[in-house]
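Structural features, examined
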Amino acid sequence: MTKANSNMLKYNNIKSPIININKTRGAITVIMALVMLGLALASALYTAKSKMLDVRIANAEIRKNEAILSAESGLKRAMIQLGAEDIDAGVINSDIVTSNNNFEVTFDLIGTPEVESNCPNEKAKTLRLIEVSSVGKSRDATGTRTHAQKVGISPFTCGTPDSAITVAGTIGVGGAFTIGANPNGGGLGVPLSVWSDNEVSLGGNGSTCGLEEFDGNYCSGSPYSDSTLEANDILEHDAGFPPDLLAYTFGVASANYQELKDQAEVISGCASLPNVGTQVTTGFYWVEGGCTLNANKIVGSVDEPVIIVVEDGLTKLNGGAFIFGLVFSFETTPGSGGDVQMVGGATVRGAFISDHDIGGAAGTFNTRYNAQVLENISQASGPKLSKVEIIPGSWKDF
């Protein structure tokens, strides 16, 4: 072998460095492509998971808001119900409202504290403290929220009147009057028919008597007092008489009577008072322009009594008219109060109060103290004879 051939053979056995560099670059390219593909895939998976999490968070927020709205709807519904009917305890079911709402409301009586007012101590108003809880749910029922609010329900009146007739001023009763006394008005077993801080004059043909005699229509045959004799059931010139009858009766000073008036149903005259038997009559009515009841009209009942305040006007009950409840003749300024006229067997069954002189009652004047009627007024828990107030700062959600 020649030297030239030997050199050529060695040259051919040497690997080309250029070929090795190209192969390395190709491998790197493939690896980088795979890495980029892996990163892209990981990024896509992360984005998908992130988006799914965002969707879940958004759906959870929607369900939470649906539950909050349902809970608040239930709370508002409960307040409306408290303002429409008597509630001691119970549940408002979601099926009585639109299907977009899903809530359950409960009422819990949590206490009966006394309320600060102008009522005398022995007649302080009692507050029924109720916690209203509303559990709202989302549409799919997976989200819940609870809202709670405390409310207070208190009657308009301070206890019950002590006598059948109470007047801050003079009383001149004429005609054929008949007054059924409160059998325990002056203490246990001590009857009280008329209570006044001034003179009481019983004229005409009439008498005061016990409730049994009144109901049996033989009051004049067994009277406590009449035009010839005034017994202890007539309490006049009483030094302990309350200085403000409106405050004594309702816990609102006469100077602030508008506060009480704003809580009543204000009507012009008594012709629009609902008729017993055909309408729900119970309620608190503030009458402007005088109150005249037509003959034989019956307002209220034992179970559905009324409160009637007559502002600066005549109170007149024609023959056979009945009022079951508390009638208060009120004057806004001295001398502006109206008189009282009852004729032909007209009767107030409950109590009659006036914060001014009355010259009363030509014809027949009947007032019968009715403890059950007055108790139904003074212990009222329904919206017609009591007020519902939200306790400030008691709202909470959880």
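See above for the structure.
This section reports on the structure supplied with the text. (Residues numbered from 1 in each chain as written. Predicted model: local features only at pLDDT ≥ 70, side-chain atom pairs only at ≥ 80, totals over all residues. Heavy atoms only, no water.)

Notes on unusual backbone geometry
At N296, a position not held by glycine, the phi torsion is positive, near 70°. Looking at where N296 falls in the secondary structure, it is placed in the loop between β15 (291-293) and β16 (298-299). By relative accessible area, which is 58% here, N296 ends up exposed. (Helix = DSSP H or I, 4+ residues; strand = E, 2+ residues; numbered from the N terminus. Buried < 20%, exposed > 50% of the residue type's maximum accessible area, 1.4 Å probe, protein only.)

Quick word on the pattern of salt bridges
Scanning the model with the defined rule gives 8 salt bridges in all. Close ionic contact of E131 with K150 constitutes a salt bridge, the shortest N to O distance being 3.4 Å. A residue pair is termed long-range when its members are at least 10 positions apart, and E131 in strand β3 (residues 128-137) and K150 in strand β4 (residues 144-155) qualify at 19 residues. The network of salt bridges with shared partners includes E131, K150 and K396. (Salt bridge = Lys/Arg side-chain N within 4 Å of Asp/Glu carboxyl O.)

Some remarks on the state of the cysteines
Applying the stated criterion to the full structure yields 3 disulfides. Paired through a disulfide, C119 and C158 show a sulfur-sulfur distance of 1.7 Å. Around the S-S axis, the bridge from C119 to C158 shows a dihedral of about -60° and counts as left-handed. Note that C119 is positioned in the loop between β2 (103-111) and β3 and C158 in the loop between β4 and β5 (165-167), a separation of 39 residues in sequence. Neither C119 nor C158 differs from the other in exposure class; each is buried. Between the sulfur atoms of C209 and its disulfide mate C219 the distance is 1.9 Å. Looking down the S-S bond of the C209 and C219 bridge, the torsion is -120°, so its handedness is left-handed. On the criterion of sequence distance, the pair formed by C209 in strand β10 (residues 207-209) and C219 in the loop between α3 (211-215) and β11 (225-226) is long-range, its members being 10 residues apart. (Disulfide = S-S within 2.5 Å.)

Considering helix α6 (residues 371-378)
For α6, the full list of buried residues reads V373, L374, I377 and S378. When α6 is viewed along its axis, its buried side chains cluster within an angular range of 125° and face the same direction. A distance of 3.1 Å separates the backbone nitrogen of Q372 from a side-chain oxygen at the start of α6, and that oxygen is part of N370. (Arc of directions from axis to C-beta. Polar contact = N/O pair within 3.5 Å; in protein donor to acceptor, adjacent residues only side chain to side chain.)

A few points about the pairing of β3
Of all the 10 residues making up β3, 8 are buried; the element is thus mostly covered by neighbouring parts of the structure. Inspection of the sheet shows β2 paired to β3 by 8 bridges, in the antiparallel sense. Bridge pairing in β3 places D108 opposite E131. Where β3 and β4 come together, 10 bridges link them in antiparallel fashion. Counted as the bridge partner of V135 is T146 from β4. Between β3 and β4, which follow one another and run antiparallel, lie 6 residues, and A141 among them has a positive phi close to 65°. (Pairing = 2+ DSSP bridges.)

So far we have only geometry, and geometry alone does not tell us how the molecule works.
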